[in-house]
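# Architecture at a glance
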Amino acid sequence: MKTIRIFILLTAVLAVTSCSFLDKEPTRTTSGSYFKNESEAESFLRGVYAILTQTAFYGGEYFYLTGGDDTEHYGGPGRSPYSKGLICNNANTGDPDVAAFWYVLYSGINRANILLENIDKVPGIGEANRKLYTAEARFLRAFYYFNLVECWGDVPFRTNSTQSVVGLPIKRTPKEQIYDFIVKEMAESSEGLKSASDLGYQPGSVSKSAAWGILARVYMFRAGEHFRDKTAANEAKIKEYFAQAGFYAQKVMDEGHALAPHYWDYFIDLCADKYNTTAKESIWEAEFTGNYSTDTRTEGRVGNIIGLSAPDLSAKAEIVGKADPGYSYAFFYCTPKLYDLYTANGDSNRMNWNIAPFQYTESSTGKGVDGRLFEKGKLAEVKNQYYDRSYSYGDAAPSSKKGDREKTVASTDLARVCGKYRREYEADKKNKNFTAINFPILRYADILLMIAECENEINNEPTALAYQCINAVRKRAGISELSNLSKDEFRQAVKDERAMELCFEFTRRFDLIRWGEYVQNMNALVARAQNGSDWKLGPANVYTYFQISDTYYYFPIPANEMAVNHLITENNPGW
């Protein structure tokens, strides 16, 4: 199913484990002798894509960097704060996850630069593939720069590959100049990409839909930059950014995409290594494959560090199927705020998928899972939802030690584990720490909510199209449709809808930043976490994760980078 290919690239060209992209990328390159035919060019392009699945990116550490918002947090009973990333509000300039993300993004940019410098020289390459590989590399380079700007703001900028150790230090380029480059590259490269239908709606490669959707995301984030920089809003520019975002998002509407009939359909496909079996909702995914038992190492951590907790049975080859639904550390929990949003909207469908309504149980430790213990009232709800499409263990009385049964008393703890990525749908015997579950970079529901938001901002009130888009998402969720709202009411409705629809997909932090609400929304949860009346099972110091300051609008420039690049003389504010 996966389109990941195995490729061998020259270590000197593709090294990503260095301390600085400026001084540790190759002291000399041999890329000119590498691009000897079309096959090698295609293989090199896979290397540009491979950045997405690196451990420092969607392979795992990205979750600790961009997770932590008003809908989810790092948690678990008695769990100490995570020591890396920004998720527990304890980062510093020497943070290894921050540095690794910085370096891997620049490595991806350098790989793209190398390909673009050599693609026209490849002997025998067909014109169609030359244009296609060029478009994909240009888009990916722009996407990596967008991640840098989202996280760090002004960053070093170059569009030529590292060829020598001479002249490597580069000062930071103002982010507005980099934004201009990003939007130009994404818009132009989109014309050379294949359509989603040409790709068979297989979301492992960048399609026109993916490029347009991500470009819309870029424009919307740019529209809110004045908030984190505390500068006066240029209303004309902001409206133009929303207009551009709406234009590109609406282009996706003509590409044959649709919402899956049920919310969980998309995620069952994602976890089962399938694409768009019920509707063409998936637009772009970071692809993982394997079960850590072969020489191929293309697995990730989706479903493992973020997923449903279950006993570790990976070493017991005889335990398979529903007896081993797959181990997860279950590091990510919802906040009571997300729980309340679902409750207020009567949204039990998305709630019971995204917030785990049960826990797997063993009647005999080490013998395999043979039951699920549901929260009070949730078993009947799930039976009307995805029960027949999940592992089930037969009805049982509440007093039973196995089977599907319910707690007799409703829990008052509303901070519950993420249930979005479920390993039970993986086909192979599960490895303890690694999975083949893809990461959802972009799906059609996000596109619809972008259009709804843009329409409201452009027209100073929700239009018919705005209602059409947001209500399509709500109708799929099985909740009431919206009507007759003011601009401000509709704006808040979009914000809440994005929380309920896209939670645990790591867009929320950046949404809050572009809305100018990140610090205030996080701080607003501190007292509730300290009170503990409905936030019981998290670590005692979970409230400190939400005591962030304006410093967290940006990541810190890695200390190692500043040590070797003397042209970066100041870190981001507060760092």
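Residues numbered from 1 in each chain as written. Predicted model: local features only at pLDDT ≥ 70, side-chain atom pairs only at ≥ 80, totals over all residues. Heavy atoms only, no water.

Under the convention used in this document: UniProt positions are given in the numbering used here, feature names are shortened, and annotations may be inferred rather than shown by experiment.
Looking at an unreviewed UniProt entry, the protein chain carries the name Starch-binding protein, SusD-like family, with the source organism given as Hoylesella pleuritidis F0068. Database annotation for the protein chain, UniProt heading Sequence similarities (unreviewed entry): "Belongs to the SusD family."

## A few points about the overall build of the protein chain
Test applied: Here a strand is any run of E in DSSP of at least two residues, a helix any run of H or I of at least four, and the numbering for each starts at the N terminus. Put simply, the radius of gyration uses C-alpha atoms, and a globule should come to 2.2 Å times the residue count raised to 0.38. Contacts were defined at the residue level, with two residues in contact if any of their heavy atoms lie within 4.5 Å. When charges are counted, neither His nor the chain ends are considered; positive counts come from Lys and Arg and negative counts from Asp and Glu. In this description, the location of a charge corresponds to atom NZ of lysine, CZ of arginine, CG of aspartate or CD of glutamate.
Counting its secondary structure elements, the protein chain contains 22 helices and nine strands. Computed over C-alpha atoms, the radius of gyration of the protein chain comes to 23 Å, within 12% of the 25 Å expected from 2.2 N^0.38 for 575 residues, which places it in the range of a compact globule. The C-alpha extent of the protein chain, read off along each of the three principal axes, is 70 × 60 × 45 Å. Considering only intrachain contacts with a sequence separation of at least 6, the fraction spanning at least 24 residues in the protein chain is 74%. For the protein chain, the centre of its 66 positive side-chain charges and the centre of its 72 negative side-chain charges are spaced 3 Å apart.

## Quick look at the nonpolar core
Heads up, the rule is: For our purposes a nonpolar core is just a set of buried Ala, Val, Leu, Ile, Met, Phe, Trp, Tyr and Cys residues, chained together by side-chain atoms within 4.5 Å. Relative accessible area decides the class of each residue, using a 1.4 Å probe on protein chains only: under 20% of the type maximum gives buried, over 50% gives exposed, and in between gives partly exposed.
One finds Phe-143, Trp-152 and Trp-284 to be the most contacted residues of the largest nonpolar core, which totals 177 residues. It is helix 7 (residues 127–152) that provides the largest number of residues to this core, a total of 15 residues.

## Some points on unusual backbone geometry
Positive phi is not limited to glycine here, since Asp-273 has a value of about 65°. Mapped onto the elements, Asp-273 comes out in the loop between helix 12 (263–271) and strand 4 (282–286).

## Here's the deal with the packing of aromatic side chains
The line we're drawing: By convention, a stacked pair of Phe, Tyr or Trp rings (six-membered ring in the case of Trp) has centres within 6.5 Å and planes under 30 degrees apart, an edge-to-face pair has planes over 60 apart, and any other such pair is tilted.
In this structure the tally under the stated criterion is 48 aromatic pairs. Relative to Phe-101, the ring of Phe-57 has its centre 5.0 Å away and its plane inclined at 55°; by these criteria the two rings are tilted. Here Phe-57, found in the loop between helix 4 (38–49) and helix 5 (61–66), pairs with Phe-101, found in helix 6 (residues 96–118); they are 44 residues apart in sequence, far enough to count as distant. Here Phe-57 matches Phe-101 in class, with each residue buried.

## Brief notes about the pattern of salt bridges
A side chain with one charge may pair with a side chain of the opposite charge, provided their charged atoms come close. Note the threshold: For this analysis, a salt bridge means a side-chain nitrogen from Lys or Arg found within 4 Å of a carboxyl oxygen belonging to Asp or Glu.
In the structure shown here, the tally under the stated rule is 49 salt bridges. Note that Asp-488 is salt-bridged to Arg-491, the shortest N-O span being 3.5 Å. Linking Asp-488 with Arg-491, this pair stays in helix 18 (residues 487–502), spanning three residues, or about one helical turn. Classification of Arg-491 as partly exposed rests on a relative accessible area of 29%. Residue Asp-511 pairs with Arg-514 through a salt bridge whose shortest N-O separation is 3.0 Å. Separated by three residues within a single helix, Asp-511 and Arg-514 lie in helix 19 (residues 508–514), roughly one turn from each other. Under the relative-accessibility criterion, Asp-511 is labelled buried at 4%. Given a relative accessible area of 7%, Arg-514 falls into the buried group. Within this structure, Glu-281, Asp-347, Arg-350, Lys-420, Arg-443, Arg-474, Arg-476, Glu-497, Glu-501 and Glu-505 form a network of salt bridges that share partners.

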